[in-house]
Structures are given as structure tokens and as C-alpha cells.
Amino acid sequence: MKNLFLLLIISIALFSCKEKIEPKETSKKNYKAINDTLTKNLQLAFDKDAIIGFSVSVVDDKGLIYDKGFGFTDIDQNNPYTSNTIQNIGSISKTLIGISLLKAQELGKLDLNDPINKYLPFKIVNPNYPDHPILIKHLAYHTSSIIDLDEIYGKSYVLEKSEHEENEGVFDYFNKPETKISLLEYIENSLTVKGKWYTNDTFSNTKPGEKREYSNIAAALCAQIIASATGQDYQSFTKVNILKPLKMSSSGWSSKDIDTTRRSKLFANKEMMIADYSLITYADGGFITSSKDLGLFLSELIKGYNGKGALLTKQSYGKLFEKQKVSEKETDGEFGIFMEFRDEFLGVEEKIIGHNGSDPGVMTAMYFNPKTETGKILIINTDTDFSDDVWPEIEEIWESLSVYENTINK
């Protein structure tokens, strides 16, 4: 009787295990179907024919869920754009400044409340408020009172080669290779009284810390301060403290860091390629990566938001995502350290955290939903100003990714 009872218990246990396995297997089949639907919808969006090439990734805190590329990396449409294709990603690059800044603080090299002039060989002062020092946190929150004047910030864009017929008449503000200088020289020329491009108009008529006004130059200055404080150039600091720990082996800041055979060309439109260029203020927009590699970074951000990140302490991640709002009068919403909190993006209503970017031939987005703990990445090699058809296609891509996210999290 005892043996019969044991046999009955074992049978029930085995039956229970079987019941638990079957839904999981069914789930896998549904998951494939959901992925196939997303691929179909993204292909339909691409078939609208305004974007030359793009890739997407969807991740959670465990890693990659979906990744795929569409279109091409060259004008002759011989090379496919894949999730391993690399290109510069615009202002998403600033999110690496945020991680680096807090890492430098953890290492005791600086403090967010320090004045910036503590780490510079020259003085930077808002001439309208000379007694109010600009602090490091002002750079991180875009409240430094430093303004991006086109005639000054445009000097950051430098051609890789002297002559590029494909660039003629498209982006005439690109500068010749011989004008390229170091980031420190650029900052000195732009923001110090004795600088050759200096003008009082580079600073707003508001006190540092009083108003949020997005500034690329201020972000690049923040990267320079990290380098000065740590005694290590910013590129190397990010490699040691971000890229290597996350195994982002396809990413870097220049052609010497990456496999150039996997790099996409950039385009004004379907008929016109953009000349190869780089940024003197590289830290604010010149990071080169793929959607698959960037997915590793976004997955880490999701973990960090939940206090389980590997790059920073729980306290530092808390600071990274701590919501700021300068005043109730501000219309720029809430923000963190080089992080945006949004209630809507590209026509889709969703509460997300992250950043987007744009540059000549570039449009990118990297956001995660803290509720679903799922993130989305979009990287495009086509400019958004030379065709009226590009934005509707981008919006359709993002909507498809959002529908996919909602479906897998039901």
C-alpha cells in the first residue's frame, strides 16, 4: 500500500511537470510567430523606399530578444544592412558620458557639484553671471547656460578627405580636414574670452542651473572634464569602463577602433551619398556601433534602472535616473543625467527613458520602458531633411516595434 502511494505521488509529480512544460513549448511557437510578424511589418515599412538602410534591436534585462537589418549600406545596393552593421549614432553617444561621469565620481576623481574650472587649464565663465560658477552637474543636465551657436558648433564637423563631390551642395558647412584640432583646443577657442571664436552670445542670459537648454558643446566639455579629472583620455576611459565590461567589441570612437568593412555609408537620400566626416566634439555624437552591440548597453541600462547593473553601483544608477525638473515653467519635461523621460515618441504614446540622435545622414533612437523592462533601438543611415517621405517611414518602424513590445509583454 505504501509503495502504491509513492507510485501515485510520483505519477502526480510527473504529470505536473508535464503540465508546466507544455505551455512553455507553446509559448516558443507563438514567440516565433510574433517575430515573423514584426519582420514582415518592418519590411513593409522599408518598402516605402525612403530609407536606404536601417537596423533594429529589442532587448530586456537578460539580453537580445530580436534584431534585424533592412536595406543597404552602399549607393549601389550591393551590401545588406544588418544588425551587425556599424555607423555613428548621433546624440545617443551622450548616454556614455553619463555612465562615465558617474564612474569617475565613484573612483573619487570628481564630484558632480564641483565647478568645471577646477579641472580646466583655462577659465569658462558666463559673462552675464560671472559670480555664478558653472558646475559639472549643469553640463550633465543641460542647464550650463552654454548655447550651441551654429557658426561655432558647425566647426566641429570635419571632412575625412579634402575633396568629396558627393557632398557638394548638400552639407556645405563641413570643414576641411586641416581644420581638425583637439577637443580641448576647440573648447578653448569657443568658450574662453581669449578664444578666436569667442562671443558673449555663446552664453544665455540665465544663471547656470536656472534653465534647461540642450547643448552639444556643453556635453563635449563634460567628456573633456572626465578626461582631465581621471588623467585618461575619454575614448580610453569608455573602453575600459563600458565597452570591455559589456563585450561591445564592434564599437568605438574612430576608424582605428572598428572593422571599417562593416561600416555603413551615410546618405542624404536614395540618390546622394554624404561625404565621410568626423566630429571634433566626438563625445556628444560620434560613437560608432551596431544595433546589436548597442543592445548590450541598453540591456545594462535596464538592469541599472532596477538596481542590478554591472557598470555602476546601485546608488550611482539611482543618480543617473533621478528625475530633474528645473522649474514648473519649463516645458522640457523631466530628465536625468544625459537621459530623457518621455510620454510620447514618434507618435506613439509610451512612458520611456533613453535618448535619440541625429546628424547628417543619421537618425537613431534608444529607449526602454521601465514598466515592461523592454528596450528598443533604431539606427538609420539616411538623413531626415532631404525627403518628405522619411519621417512617415520612421514612424511606421517605431510603431511596429512598440506593437511588438506590447505583444511580447502581454
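Structure first, text after, so check above.
Residues numbered from 1 in each chain as written. Predicted model: local features only at pLDDT ≥ 70, side-chain atom pairs only at ≥ 80, totals over all residues. Heavy atoms only, no water.

A. A look at the sheet that holds strand β1 (residues 53-60). Spatial ordering of the open sheet is given by β2-β1-β13-β12-β11-β10-β9, a layout of seven strands whose pairing is antiparallel. Of all strands in the sheet, those with a lone pairing partner are β2 (63-71) and β9 (335-336), marking the two edges. Where strand β10 (residues 339-345) lies against strand β11 (residues 348-359), five bridges are found, and the strand directions are antiparallel. In the sheet register, arginine 342 faces β11, and the bridge partner there is isoleucine 352. Of the strands in this sheet, β1, β2, β10, β11, β12 (362-369) and β13 (374-380) are in contact with helix α10 (residues 390-408), which crosses β13 at around 160°. (Pairing = 2+ DSSP bridges. Helix = DSSP H or I, 4+ residues; strand = E, 2+ residues; numbered from the N terminus. Contact = heavy atoms within 4.5 Å. Axes fitted to C-alpha atoms, helices over the stretch in contact; angles between N-to-C directions.)

B. A look at the layout of surface pockets. Roughly 850 Å³ of volume is contained in the largest pocket. Contributing to the lining of the largest pocket are 37 residues, with Glu160, Trp253, Ser254, Ser255 and Ser278 lying nearest its centre. Contributing elements (two or more residues each) for the lining of the largest pocket: β3 (87-88), α5 (183-191), α6 (216-230), α7 (234-243) and β7 (277-279). Among the elements that make up the lining of the largest pocket, the one with the highest residue count is α7 (four residues). In terms of residue class, the lining of the largest pocket is built from 15 nonpolar, 12 polar and 10 charged. When its volume is computed, the second largest pocket comes out at roughly 290 Å³. Along the wall of the second largest pocket there are 16 residues; nearest its centre are Glu334, Phe341, Arg342, Asp343 and Ile352. Only β10 and β11 provide two or more residues apiece to the lining of the second largest pocket. Per element, the largest residue contribution to the lining of the second largest pocket is four residues, and it comes from β10. The residue inventory of the lining of the second largest pocket, partitioned by class, reads seven nonpolar, one polar and eight charged. (1 Å grid on protein atoms, 1.4 Å probe; cavity = no way out; pocket = protein on both sides within 12 Å on 5 of 7 lines; lining within 4 Å. Points joined across faces, edges and corners; volume = space filled by probe spheres on them. Nonpolar A, V, L, I, M, F, W, Y, C, P; charged D, E, K, R; others polar.)

C. The arrangement of helix α8 (residues 291-305) in detail. For α8, spanning 15 residues, the distance from its first C-alpha to its last is 20 Å, which sits close to the expected 21 Å at 1.5 Å a residue. With respect to burial, α8 is a largely interior element, 11 of its 15 residues being buried. Within α8, burial applies to Ser291, Asp293, Leu294, Gly295, Phe297, Leu298, Ser299, Glu300, Leu301, Ile302 and Gly304. Directly beyond the C-terminal end of α8, a positive phi value near 75° is found at glycine 307. (Expected span 1.5 Å × (residues − 1). Buried < 20%, exposed > 50% of the residue type's maximum accessible area, 1.4 Å probe, protein only.)

D. Examining the nonpolar core more closely. Formed by 86 residues in total, the largest nonpolar core has its most connected members in Ile124, Leu221, Phe297 and Leu301. With 10 residues, α6 is the largest single contributor of residues to this core. Here isoleucine 124 is in contact with Ile116, Asn117, Ile134, Ile187, Leu191, Thr192, Phe203 and Leu221, once residues within four sequence places are set aside. Counting 28 residues, the second-largest nonpolar core is a separate cluster that includes Phe46, Val58, Tyr66 and Ala365. (Core = buried A, V, L, I, M, F, W, Y, C linked by side-chain atoms within 4.5 Å.)

E. Expanded view of a negative patch on the surface. A cluster of like negative charges, contributed by Glu344, Glu349, Glu395 and Glu399, occupies part of the molecular surface. By the secondary structure assignment, glutamate 349 is in strand β11. (Patch = residues over 30% accessible without salt bridge, like charges linked within 9 Å, V, L, I, M, F, W, Y side chains within 5 Å. Areas by Shrake-Rupley, 256 points an atom, 1.4 Å probe, with all protein chains shown as cover. Salt bridge = Lys/Arg side-chain N within 4 Å of Asp/Glu carboxyl O. Lys, Arg positive; Asp, Glu negative; His and termini not counted. Charge placed at Lys NZ, Arg CZ, Asp CG, Glu CD.)

F. Fine view of the pattern of salt bridges. Tallying each qualifying case throughout the model produces 15 salt bridges. Here aspartate 276 makes a salt bridge to lysine 265, at a shortest N to O gap of 3.2 Å. Residue aspartate 276 is found in the loop between β6 (272-274) and β7, and its partner lysine 265 is found in the loop between α7 and β5 (266-269); the two are separated by 11 residues along the sequence. With a relative accessible area of 31%, aspartate 276 lands in the partly exposed category. Taking relative accessible area as the criterion, lysine 265 reaches 30% and is therefore assigned partly exposed.

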